[in-house]
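# A closer look at the structure
Below are the chains, spelled out letter by letter.
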Amino acid sequence: MEIVIRAFRATTDSVTCLNFIEGHRRLLELHFGIVAITSSNQDWMYHDNTFVIVAEDKERTKVYGGARVQMADGKLQLPIETAISKYDPSVHAMAQQPGVSEICGLWNSTEVVGWGIGSFFMSRAGVAVACMLKSTKVLFLAAPITVRMGKRMGAEIETSLGNKGNFFYPKDDFIATAMAINDCPVLSKADENERKRIYNILEHPVQQTPEDGPKGQLMIDYQLDITG
């Protein structure tokens, strides 16, 4: 299997942004019964400090998954702010600290379930892009199944928020956990293999390399240079 993982400023590619939104919406509605979440708000499409990461086929005709990295800049609230501020308003003060960003909207289609697109490759790319943006603190909301993934990437549960980091979100029968990488790009809490892979992406944001996934090897064409 061969895929392209690329990053771009949201305001430069509205077509892919819309494909991202539709794929994410369809996944949430069909498989989780979730009609709307804060990270699905479309205002980010017009925000200069939001960067989109997508996994596509090599012809770039299909979007297999995606994520976003949004820098806090006082112009557009972070999704985590709009999601949990009614439960814990202190999240606003946290988002106003210098260098804060959020990885949000992480998803992958059922077509590639089990290949590690979201749990490994998109997650690494998200952390790498956040580091490229000079983030000092990277926030995200994790579902119970993805807390372990967050810890692997160097995140800790943000116990200062909510009930020791936990919230009922986006529905009363769902639990979301606030997590943060507090030392980007050092990543001192990250699994050693993950740290090495993220550093490799930081050093070579454009590269084509074989990657081992749960179902076997993939050829991934990384196009993560966001300086343009």
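Below: a short report on this structure. (Residues numbered from 1 in each chain as written. Predicted model: local features only at pLDDT ≥ 70, side-chain atom pairs only at ≥ 80, totals over all residues. Heavy atoms only, no water.)

Along the backbone of the protein chain there are six helices and ten strands. Dimensions along the principal axes, computed over C-alpha positions, put the protein chain at roughly 45 × 40 × 35 Å. Relative to its 228 residues, the protein chain shows a buried fraction of 51%. Partitioning the intrachain contacts of the protein chain with sequence separation of at least 6 by distance along the chain shows that 69% fall at a separation of at least 24. For the protein chain, the accessible area works out to roughly 10,800 Å², and carbon and sulfur atoms hold 52% of it. Looking at charge distribution, the protein chain has the averaged site of its 23 positive side-chain charges lying 3 Å from that of its 27 negative ones. (Helix = DSSP H or I, 4+ residues; strand = E, 2+ residues; numbered from the N terminus. Buried < 20%, exposed > 50% of the residue type's maximum accessible area, 1.4 Å probe, protein only. Contact = heavy atoms within 4.5 Å. Areas by Shrake-Rupley, 256 points an atom, 1.4 Å probe, with all protein chains shown as cover. Lys, Arg positive; Asp, Glu negative; His and termini not counted. Charge placed at Lys NZ, Arg CZ, Asp CG, Glu CD.)

Enumeration over the complete set of coordinates arrives at ten salt bridges. With its nearest N and O atoms 3.5 Å apart, the salt bridge here joins Lys-62 to Glu-111. On the criterion of sequence distance, the pair formed by Lys-62 in the loop between strand E2 (50-57) and strand E3 (63-71) and Glu-111 in the loop between strand E4 (100-108) and helix H4 (117-132) is long-range, its members being 49 residues apart. Note on Lys-62: relative accessible area 40%, which makes it partly exposed. Of the charged contacts, one joins Glu-194 and Arg-124 as a salt bridge, the two residues approaching to 2.6 Å between their closest N and O atoms. Of this pair, Glu-194 sits in helix H6 (residues 192-203) while Arg-124 sits in helix H4, and the two are 70 residues apart along the sequence. Arg-124 carries the same exposure label as Glu-194, and that label is buried. (Salt bridge = Lys/Arg side-chain N within 4 Å of Asp/Glu carboxyl O.)

Before going further, it helps to spend a moment on unusual backbone geometry. The amide bond that connects Cys-184 to the next residue, Pro-185, takes the cis arrangement and shows omega of 10°. Even without being glycine, Lys-134 reaches a positive phi, approximately 65°. Positive phi is not limited to glycine here, since Leu-187 has a value of about 60°. Relative to the elements of secondary structure, Leu-187 occurs in the loop between strand E8 (175-181) and H6.

Turning next to H4. At Ser-123, H4 shows its largest kink, close to 30°. Among the 16 residues of H4, 13 are classified as buried, and the element is accordingly described as predominantly covered. (Bend = angle between axes of the 7 residues up to and from the residue.)

On inspection of all chains with the given rule, the structure shows four aromatic pairs. With a centroid separation of 6.4 Å and an interplanar angle of 45°, the aromatic rings of Phe-120 and Phe-121 are classed as tilted. We classify Phe-121 as buried; its relative accessible area is 0%. A network of ring pairs unites the aromatic residues Phe-20, Trp-44 and Trp-107 as a single cluster. (Phe/Tyr/Trp six-rings, centres within 6.5 Å; stacked < 30°, edge-to-face > 60°.)

On to the environment of Arg-195, then. Structurally, Arg-195 is set in helix H6. Arg-195 sits 29 residues away from Asn-166 along the chain, and the two C-alpha atoms are 26 Å apart. Discounting residues that sit within four places of it in the chain, Arg-195 has contacts with Val-186, Leu-187, Ser-188, Lys-189 and Ala-190.

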